[in-house]
Structure formats: structure tokens, C-alpha cells
Amino acid sequence: MDKTWLRKTIQNFQPYEVAPITVPIVINANESYQSLWDVPEVKTDLVEELTKTATNTYPLPYADELRAQIAEYVNKKPENILVGNGGDEIISLLTQAFVEADDKIVVHGPTFDMYEVGASSMGATTITVEDDENLQHDVKKFIEVIQKEQPKIVYLCNPNNPTGQLWTLDEIKEIILAAPKVVVVDEAYMEFNNNKQSILPDLENYPNVVVLRTLSKAFSLAGARLGYLVGSKEAISMVSRVKAPYNLNVFSQAVGRVALRHQDVMKTLVQTIQKNREVLYEALSNLDCEDLNVFKSVTNFLFVKTTQVPKLLKQFQEAGILIKSYRPGSALENYLRITVTTEAVNEKIIQVFTDTFAK
Ligand SMILES: *Cc1c(COP(=O)(O)O)cnc(C)c1O
């Protein structure tokens, strides 16, 4: 195979890399520590549902029943929902539906990599408006850049991965009014903020806005690959044009249906994670170390800044814990992202920080 056979736009493009897992405690990808099937009544329900699931015929193209359950969950109509093979597929569909080679997209940074990965695969340009050193976004500057660049898509990750910071609804509305075309609000972590500052209830007023959500995080279903888009009927049908007819396999659809019947389990888990997040935040903030900046978060992870990243990574490795770090030399080399899970893991994390900064 000859590299020049590749489309020009992907010949020099950086694919998204997934870190290899070599340790027992994996808290680098914001996954849930609990499987829904650990809960006996959920497991019974799942086994029944899977037993009824036929695989000799194709799945329903729009996952009708799951779509109706999601619509109810977000208080919309089924026609306002498109279910995808993870939020990642939804980002690909948005990219294929809207972004051409000469287009621009605007994001703030640092944020979720997949927006840029999608745009650059099309040969489009990503313009990033950097947050300040306290990870605060500059709304005025963001709007100026939108007005100047006239992007096809503006992505707002709310709350933001990896910083854990929130955009307020007022800020979002101001940005929406300034954007000439599509605005995607990515609310992958919104349940961890109890849906406060979600744009969903106001969506009817903003026909150019679509909201990306996922069952990977609050619903603990990263392995099932279930994401969804919420928008006007027109927006959903535009994005659906590029969808493969059977994008969601029957098992994913079944798992999603079961999970949405047990929202109480999700809510309890979210509350536990919120509690453990605050405990971890307090403990790390109280370490009395000038070289450690812990950012308040409304998600299921904490973002920290320190010049001691190499030393910490070594200690984490020794403790059998994988956290998210960034390439040396990159803009985020002095940051780490830590997924919040159990009290026991919290204690190990606190120990690692205490040991590293004591030496
Ligand atoms: C996890 C995540 C998603 C969606 O992930 P999927 O597992 O593909 O559904 C989308 N956006 C952000 C910011 C995320 O962190």
C-alpha cells in the first residue's frame, strides 16, 4: 500500500490514540467503575431483553423504542432524537453532514479532541480559542473569532472535557446568537451537573443548535456505544442523511432500552460520584502544595495542574493506576485528568499525591 493513495486530507493527520492498559485501576477515560449489570434486578431485566432479541433480521434503523425512551428522558419527541454508535459516531455524522474541505470550525481549548479529528479528516480548519491559565473561557473573544471566521460548526463542550468547567446558559445563548451556522453543544457530562445549565429546555428557540449526549458516562454504558443527538426535526433529518441504515446493532439497542428503564440506578451512581468528586477535590486542594492546582469540576473527573507530572505518573504506575496525561512538549504537558470512581480509589490517589509532594 502506498501512503499517497490516502485522501490528501488524511495523509498527515493524527489519529486519536488510545493508551494501552497495563495496570488494574483504569481511570484515564472517564468510564464508570460500576457495570449496570452488577445490580441484580437490572441484570434480570437485561437477560430477559437479550433472550427476546433476534439477530437474524436487521435492527430498526432509528432504534424506535430506544429513541422514544430517550425522547422521554430529555423531554422531547422521538423525531427530535438521533441515536448513534456512541457520541463519536454522532460527531462523524455531523462532520460528514456539514463540513467541507474549505470550511472552518471553531472550538475553545483545551477541549474534546474528536471535533478537530473530524474536521481535519475532511480537510477543514479548526480554530481554537484558548482558555486563560485558570481555564476560564473568554466569551467576548470567542464571539469575535466566530464573527471573523464564520465557521460551519461551533462546538461548545458543556461541561468541558478535559477541564471540568461549565459554560453558563447566558454565555451559550450569546454565542448561539453570534454563530452563523451550526452550534453543537456537547453535554456528555451534563448529568453530573444535575442538568443545570443544559440548553435542552430552550432548544425550541434555537433551530441551528443541536445537543450531543451519550449513555457512556452517567449511564455507565461506554462499552455499548450509545450516543444521541437532540435537535429540531429538520436538523435531525439533515444529519440522518449520512447515517448508515443499520448503525446501531440489536444488542446495543437492547442494552440501552434496559438502562433507560432503570434511571434510578443511574441517579444513585451519579450522586455517589458527585460525593466522591467533592471529597477528592477537597483532599487534593488541602495538600498545601504550591505546585498543585486542582480545578473545581462539575463532571466525573478532576483536572489538575502541576510541574511534577513525570514524578506523579511514575507513582501512579507503581500504585497500579492509569490516569490521563498528555504528550511531553504539548500544551497540556503540565496537566492530568483523573476520573472519579470509588472511595477506595480516592484514597489511593490521595496517597500518591501526598507521597509525591512529600519527597
Ligand atoms: C465521552 C465523550 C463523548 C461521547 O463518547 P461516546 O462514548 O462516543 O458516546 C462525547 N463528548 C465528550 C466531551 C466526551 O468526553
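Here's a quick rundown of the structure. (Residues numbered from 1 in each chain as written. Predicted model: local features only at pLDDT ≥ 70, side-chain atom pairs only at ≥ 80, totals over all residues. Heavy atoms only, no water.)

1. Considerations on the overall build of the protein
Thought 1: For the protein, the count of helices and strands is twelve helices and twelve strands.
Thought 2: Over its C-alpha atoms the protein spans a radius of gyration of 21 Å, differing by no more than 12% from the 21 Å that the globule rule assigns to 359 residues.
Thought 3: Expressed as lengths along the three principal axes of its C-alpha atoms, the size of the protein is roughly 60 × 55 × 50 Å.
Thought 4: The 359 residues of the protein split such that 53% are buried.
Thought 5: For the protein, restricting intrachain contacts to residue pairs at least 6 apart in sequence, the fraction spanning at least 24 positions comes to 72%.
Thought 6: For the protein, the centre of its 36 positive side-chain charges and the centre of its 46 negative side-chain charges are spaced 4 Å apart. (Helix = DSSP H or I, 4+ residues; strand = E, 2+ residues; numbered from the N terminus. Rg over C-alpha atoms; globule rule 2.2 N^0.38 Å. Buried < 20%, exposed > 50% of the residue type's maximum accessible area, 1.4 Å probe, protein only. Contact = heavy atoms within 4.5 Å. Lys, Arg positive; Asp, Glu negative; His and termini not counted. Charge placed at Lys NZ, Arg CZ, Asp CG, Glu CD.)

2. Details of the sheet that holds strand E9 (residues 293-295)
Strand pairs in the sheet, formed through backbone hydrogen bonds, run parallel or antiparallel to each other.
Thought 1: With antiparallel pairing, the three strands of this open sheet are ordered in space as E9-E10-E12. Looking along the sheet, the strands with just one partner apiece sit at the ends: E9 and strand E12 (335-339). Here the average twist between neighbouring strands, direction ignored, is 25 degrees.
Thought 2: In this structure, E9 lies alongside strand E10 (residues 301-305), joined through three bridges in antiparallel fashion. Among the inter-strand pairings, valine 294 is bridged to a residue of E10, identified as valine 304. (Pairing = 2+ DSSP bridges. Axes fitted to C-alpha atoms, helices over the stretch in contact; angles between N-to-C directions.)

3. Things to note about the nonpolar core
When a protein is soluble and globular, its nonpolar side chains tend to lie buried together.
Thought 1: Judged by nonpolar contacts, the single largest core of 80 residues is most densely connected at Phe142, Val154, Ile175, Ile199, Leu221, Phe316 and Phe353.
Thought 2: In terms of residues, this core owes the most to one element, helix H10 (residues 263-285), which gives eight residues.
Thought 3: Discounting residues that sit within four places of it in the chain, phenylalanine 142 has contacts with Val106, Val107, His108, Val129, Val154, Tyr155, Leu156, Trp167 and Ile175. (Core = buried A, V, L, I, M, F, W, Y, C linked by side-chain atoms within 4.5 Å.)

4. Some details on unusual backbone geometry
Thought 1: The step from asparagine 158 to proline 159 runs through a cis peptide bond, and the omega angle for that step is -5 degrees.
Thought 2: Cis geometry is found at the peptide bond from asparagine 161 to proline 162, where omega equals 15 degrees.
Thought 3: Phi is positive for asparagine 194, which is not a glycine, with a value near 55 degrees.
Thought 4: Following the sequence through the fold, asparagine 194 ends up in the loop between strand E6 (182-186) and strand E7 (209-214).

5. Let's talk about the pairing of E12
Thought 1: With five of five residues buried, E12 is to be regarded as a mostly interior element.
Thought 2: Both faces of E12 are covered, namely the face carrying Tyr335, Arg337 and Thr339 and the face carrying Leu336 and Ile338.
Thought 3: The sheet contact formed by E10 and E12 spans five bridges and is antiparallel. By the bridge assignment, lysine 305 is partnered in E12 with tyrosine 335.

6. Topic: the pattern of salt bridges
Thought 1: A full pass over the atoms with the stated rule returns 16 salt bridges.
Thought 2: In this structure, the salt-bridge partner of arginine 257 is glutamate 49, at a minimum N-O distance of 2.8 Å. Of the two residues, arginine 257 sits in helix H9 (residues 250-261) while glutamate 49 sits in helix H2 (residues 40-51), which places them 208 residues apart along the sequence.
Thought 3: Judged by its relative accessible area of 12%, arginine 257 is buried.
Thought 4: Linked by salt bridges that have partners in common, Asp45, Glu49, Glu65, Arg257 and Arg261 make up one network. (Salt bridge = Lys/Arg side-chain N within 4 Å of Asp/Glu carboxyl O.)

7. Topic: the site of the ligand
Thought 1: Among the 13 residues in the neighbourhood of the ligand, the closest are listed as Gly87, Asp186, Thr214, Ser216 and Lys217.
Thought 2: Between asparagine 161 and the ligand, the recorded distance is 2.9 Å, taken from a side-chain N or O atom to an oxygen atom.
Thought 3: The contact in question runs from an oxygen atom of the ligand to an N or O atom on the side chain of lysine 217, over 3.0 Å.
Thought 4: Here the element with the most residues in the shell around the ligand is helix H4 (residues 86-98); it accounts for three residues.
Thought 5: Broken down by class, the residue content of the shell around the ligand amounts to four nonpolar, five polar and four charged. (Near = heavy atom within 4 Å. Polar contact = N/O pair within 3.5 Å; in protein donor to acceptor, adjacent residues only side chain to side chain. Nonpolar A, V, L, I, M, F, W, Y, C, P; charged D, E, K, R; others polar.)

8. What about the packing of aromatic side chains?
Thought 1: Tallied over the full model, the rule gives twelve aromatic pairs.
Thought 2: Centroid distance phenylalanine 295 to phenylalanine 303: 6.5 Å. Interplanar angle 40 degrees. Geometry classified as tilted. Phenylalanine 303 matches phenylalanine 295 in its accessibility class, with the two residues each being buried.
Thought 3: Centroid distance phenylalanine 316 to phenylalanine 353: 5.8 Å. Interplanar angle 80 degrees. Geometry classified as edge-to-face. Separated by 37 residues along the polypeptide, phenylalanine 316 in helix H11 (residues 309-318) and phenylalanine 353 in helix H12 (residues 343-358) bring together distant segments of the chain.
Thought 4: Classification of phenylalanine 353 as buried rests on a relative accessible area of 0%.
Thought 5: Among the aromatic side chains, those forming a connected cluster through ring pairs are Phe295, Phe303, Tyr326 and Tyr335.
Thought 6: Seen from the ring of tyrosine 281, lysine 296 lies directly overhead, with NZ or CZ sitting 4.4 Å from the centre.
Thought 7: If you follow arginine 337 out to its NZ or CZ, it ends over the ring of phenylalanine 301, 5.7 Å from the centre. (Phe/Tyr/Trp six-rings, centres within 6.5 Å; stacked < 30°, edge-to-face > 60°. Lys NZ or Arg CZ within 6 Å of the ring centre and 35° of its normal.)

9. Here's the deal with the packing of H4 against helix H5 (residues 114-121)
Thought 1: Following both chains from N to C, one finds H4 and H5 inclined at 35 degrees, their axes separated by 9 Å at the closest point. When the axes of H4 and H5 are compared, the crossing they make is right-handed. Between H4, through Asp88, Ile91 and Thr95, and H5, the contact on the second element is made entirely by Met114, Tyr115, Gly118 and Ala119.
Thought 2: Class assignment for the residues of the contact of H4 with H5 results in four nonpolar, two polar and one charged. (Left-handed = near helix turned anticlockwise from the far one by under 90°.)

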